[in-house]
Amino acid sequence: MNRKERLDHKLHDRKAEEFILKKVKEIGWSIQVFDKTEEEPGFAYTIGLVDTFDHPEIICFGLAEDDLKNILNIAGENIKSGKKYKKEVMYEEFLEGFVSTFIDVDQNIISDYLGYGIWYYGSDSFELIQLVWPDMNCKFPWQKEFDENIKFLQPILNSTLKT
């Protein structure tokens, strides 16, 4: 990385950090969205839920950017209103006609995905849960009947559930 690229990256980081702080102050959380690459699906996660509402941060994978933001904002608004999402409970409010659930995330995975979350909290020791959506047959990625053609879109960040 040359000097200009390093300066551009630092400016990008500073703007992102300012945005995160502004959103957390205004509404209680911020959302970081990352586009898909050849190696990984797109994903998004919240920052600020632990601090503001004593609720785990949330990460979700494999949907369109607008859908990811919408899902996380629905969760944020519900949490702001007092809802506490529980793991392994089915929820209907995220995807019309489908239930979704939350699972634990292995602590050692946080540093792989939540760089800005680590910056915000000053460490990787904050609670994170993953919102997981089913395939068209209402099967989850850890179930044998889950559609193999879309398995790449939703990595499971809990080693006890991987198939």
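Our structure is the block above this text.
Below you will find a few notes about this structure. Here the structure is a predicted model, which means the values were calculated and not measured.

As for the overall build of the protein chain
Along its length, the protein chain carries five helices and six strands. Walking the protein chain from its N terminus toward its C terminus, one meets helices and strands in the order α-β-β-α-β-α-β-β-α-α-β. Across the 163 residues that make up the protein chain, the buried fraction comes to 40%. Across the protein chain, the fraction of contacts at a sequence separation of at least 24, relative to all contacts at a separation of at least 6, is 53%. Of the accessible surface of the protein chain, which amounts to about 9,400 Å², a share of 49% is contributed by carbon and sulfur atoms. Each charge class in the protein chain was averaged separately, 20 positive and 30 negative side chains, and the resulting centres sit 6 Å apart.

Examining unusual backbone geometry
In this structure, aspartate 54 takes a positive phi of about 55° despite not being glycine. Along the chain, the position of aspartate 54 falls in the loop between helix H2 (49-53) and strand S3 (57-61). For aspartate 54, a relative accessible area of 65% gives the class exposed. The phi angle at glutamate 88 is positive, at roughly 65°, despite the residue not being glycine.

A closer look at a negative patch on the surface
Negative charge collects at one region of the surface, where Glu38, Glu39, Glu40 and Asp112 lie side by side. Overall, aspartate 112 belongs to the exposed group, its relative accessible area being 57%.

Let's talk about the sheet that holds strand S4 (residues 91-95)
Within the open sheet, the six strands sit side by side as S1-S2-S3-S6-S5-S4. Their pairing is mixed. Edge positions in the sheet fall to strand S1 (30-34) and S4, since each has one partner strand and no second. Sheet twist, expressed as the mean angle between neighbouring strand axes with direction ignored, is 35°. Packing of helix H3 (residues 65-80) onto the sheet brings it into contact with S1, strand S2 (43-47), S3, S4 and strand S6 (128-132), and relative to S4 it is tilted by some 140°.

Remarks on the packing of aromatic side chains
Here the structure, examined in full by the defined rule, presents 16 aromatic pairs. With a centroid separation of 6.4 Å and 55° between ring planes, the pair formed by tryptophan 29 and phenylalanine 53 is classed as tilted. Note that tryptophan 29 is positioned in the loop between helix H1 (3-27) and S1 and phenylalanine 53 in helix H2, a separation of 24 residues in sequence. As far as the burial class goes, tryptophan 29 and phenylalanine 53 line up, both buried. Summarising the aromatic geometry, the rings of tyrosine 85 and phenylalanine 102 are spaced 4.9 Å apart at their centres and angled 40° between planes, so their arrangement reads as tilted.

Thresholds applied
- The residue numbers shown here count from 1 along each chain, following its written sequence.
- Side-chain atom pairs in this predicted model are given and counted only at pLDDT of 80 or more, local residue features only at pLDDT of at least 70, and totals for whole chains, interfaces and linings cover all residues.
- Side-chain figures throughout are based on the complete set of non-hydrogen atoms in the structure, without hydrogens or water.
- Runs of E in the DSSP output that reach at least two residues are strands. Runs of H or I that reach at least four are helices, and both are numbered from the N terminus.
- A 1.4 Å probe rolled over the protein chains alone gives each residue an accessible area, and that area as a share of the maximum for its type sets the label: buried under 20%, exposed over 50%, partly exposed in between.
- Between two residues, a contact is recorded if the distance between any of their heavy atoms is within 4.5 Å.
- Each accessible area value is a Shrake-Rupley result obtained with a 1.4 Å probe; residue values ignore everything except the protein chains displayed when judging cover.
- Within this scheme the basic residues Lys and Arg register as positive and the acidic residues Asp and Glu register as negative, but His and the chain ends are omitted.
- By convention, the charge on Lys lies at NZ, on Arg at CZ, on Asp at CG and on Glu at CD.
- Each patch is built from residues lacking any salt bridge and having more than 30% relative accessible area; the joining distance is 9 Å for like charges and 5 Å for nonpolar side chains (Val, Leu, Ile, Met, Phe, Trp, Tyr).
- Think of a salt bridge as a Lys or Arg side-chain nitrogen and an Asp or Glu carboxyl oxygen that are within 4 Å of each other.
- Strands were regarded as paired on the criterion that DSSP finds at least two bridges between them.
- Helix axes are fitted only over the stretch in contact, all axes being lines through C-alpha atoms; the angle between N-to-C directions runs from 0 to 180 degrees.
- Only centres within 6.5 Å qualify two rings of Phe, Tyr or Trp (six-membered ring in Trp) as a pair; their planes then separate them into stacked at under 30 degrees, edge-to-face at over 60, and tilted for everything else.

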